[in-house]
Amino acid sequence: MIKLLRVDHRLLHGQVVVSWFENVGANTILVANDVVANDELRKSAIRLAKPENAKLVMKSIDDSIEAINSGVTDKYQMLIVVESVADAEKLIRATQGKVISLNLGGTKPREGTKNYSKTINLTDTEADLLTGLQQDGIEIYIQQVPSESKQKFEK
């Protein structure tokens, strides 16, 4: 069961581990990222942030989708972290109904981005992807930590 899908350009870090993992009642963290899946150095760094009581899995986006759709992940209470809006949108669409909301936690400023909150910076294309998900019934919200109020994403 997917407890939370979060976009965070930092992937796994103290804030996610401490704040979100316990708050959502997860027992497994899935880092879904194509680069990390093939980079042993980044995997090692991410393992350092893993809570002792967590199962940590790092897979490519396609392998993550395959695992979710196969049912092999159904026995876990998963917190899924992706690096980008595009990765989140691909995962949501390809897992058809397994994700009902998307937490925007952090996207760094880049050329061509607009600021939507203190931690969310999106291109027009990313904002359009999120709007499309909303139109399909997915709740999209900005919330850096659980103690903050949810801010509905609005383009």
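A brief look at the structure comes next. Just so we're clear, the structure is a prediction, and the values are computed from it rather than from any experiment.

Scoring rules and cut-offs
- Residues numbered from 1 in each chain as written.
- Predicted model: local features only at pLDDT ≥ 70, side-chain atom pairs only at ≥ 80, totals over all residues.
- Heavy atoms only, no water.
- Helix = DSSP H or I, 4+ residues; strand = E, 2+ residues; numbered from the N terminus.
- Rg over C-alpha atoms; globule rule 2.2 N^0.38 Å.
- Contact = heavy atoms within 4.5 Å.
- Areas by Shrake-Rupley, 256 points an atom, 1.4 Å probe, with all protein chains shown as cover.
- Lys, Arg positive; Asp, Glu negative; His and termini not counted.
- Charge placed at Lys NZ, Arg CZ, Asp CG, Glu CD.
- Axes fitted to C-alpha atoms, helices over the stretch in contact; angles between N-to-C directions.
- Parallel < 35°, antiparallel > 145°, perpendicular 65-115°, else oblique.
- Left-handed = near helix turned anticlockwise from the far one by under 90°.
- Nonpolar A, V, L, I, M, F, W, Y, C, P; charged D, E, K, R; others polar.
- Salt bridge = Lys/Arg side-chain N within 4 Å of Asp/Glu carboxyl O.
- Phe/Tyr/Trp six-rings, centres within 6.5 Å; stacked < 30°, edge-to-face > 60°.
- Buried < 20%, exposed > 50% of the residue type's maximum accessible area, 1.4 Å probe, protein only.
- Lys NZ or Arg CZ within 6 Å of the ring centre and 35° of its normal.
- Arc of directions from axis to C-beta.

**Regarding the overall build of the chain**
Part 1 of the reasoning: A count of helices and strands for the chain gives six helices and nine strands.
Part 2 of the reasoning: Taken against the 2.2 N^0.38 rule, which gives 15 Å for 155 residues, the C-alpha radius of gyration of the chain at 14 Å falls within 12% of a compact globule.
Part 3 of the reasoning: Considering only C-alpha atoms, the chain reaches an extent of 35 × 30 × 30 Å along its principal axes.
Part 4 of the reasoning: Long-range pairs, those at least 24 residues apart, make up 67% of the contacts in the chain between residues at least 6 apart in sequence.
Part 5 of the reasoning: Roughly 7,700 Å² of accessible area belongs to the chain as shown, and the carbon and sulfur atoms make up 48% of that amount.
Part 6 of the reasoning: Charge separation in the chain, taken as the distance between the mean sites of 20 positive and 21 negative side-chain charges, equals 4 Å.

**Details of the packing of helix α5 (residues 85-94) against helix α6 (residues 124-135)**
Think of two packed helices as two axes; the pair is described by the angle between the axes and how far apart they sit.
Part 1 of the reasoning: One can describe the packing of α5 onto α6 by two numbers: an axis separation of 9 Å at closest approach and a directional angle of 25°. With respect to each other, α5 and α6 are oriented roughly parallel. Handedness of the crossing formed by α5 with α6: left-handed. Judged by residue contacts, V85, A86, E89, I92 and R93 of α5 engage E126, L129, L130, G132 and L133 from α6.
Part 2 of the reasoning: Split into classes, the residues belonging to the contact of α5 with α6 amount to six nonpolar, one polar and three charged.

**A look at the pattern of salt bridges**
Part 1 of the reasoning: Using the criterion set out here, one finds 13 salt bridges in the structure.
Part 2 of the reasoning: Two residues, E89 and R93, come together in a salt bridge whose shortest N-O distance is 2.8 Å. Placement of both E89 and R93 in helix α5 is noted, with a separation of four residues, approximately one turn of the helix.
Part 3 of the reasoning: With a shortest N-O distance of 2.5 Å, D136 and R93 are connected by a salt bridge.

**With respect to the packing of aromatic side chains**
Part 1 of the reasoning: In this structure the tally under the stated criterion is one aromatic pair.
Part 2 of the reasoning: Residues Y116 and F153 carry aromatic rings whose centres are separated by 5.5 Å and whose planes lie at 40° to one another, so their mutual orientation is tilted. Placement of the pair is Y116 in the loop between β6 (114-115) and β7 (121-122) and F153 in the segment after β9 (151-152), with a sequence separation of 37 residues.
Part 3 of the reasoning: Residue class for Y116 comes out buried when judged on its relative accessible area of 18%.
Part 4 of the reasoning: Look at F153 and you get buried, because its relative accessible area is 1%.
Part 5 of the reasoning: Directly above the ring of Y141 sits K150, whose terminal nitrogen or CZ lies 4.3 Å from the centroid.

**Quick word on helix α4 (residues 61-70)**
Part 1 of the reasoning: If you check which residues of α4 are buried, you get I61, S64, I65, A67 and I68. The buried residues of α4 occupy an angular sector of 165° when the element is viewed end-on, so they sit on one face. Among the exposed residues of α4, those pointing more than 90 degrees away from its buried face are E66 and S70.
Part 2 of the reasoning: Looking at the packing, one finds that the buried side of α4 touches β1 (2-8), β2 (28-32), α2 (34-37), β3 (55-59), β4 (78-82) and α5.
Part 3 of the reasoning: Backbone geometry just after α4 places G71 at a positive phi near 95°.

Without other data, these values stay purely geometric and don't point to any function.
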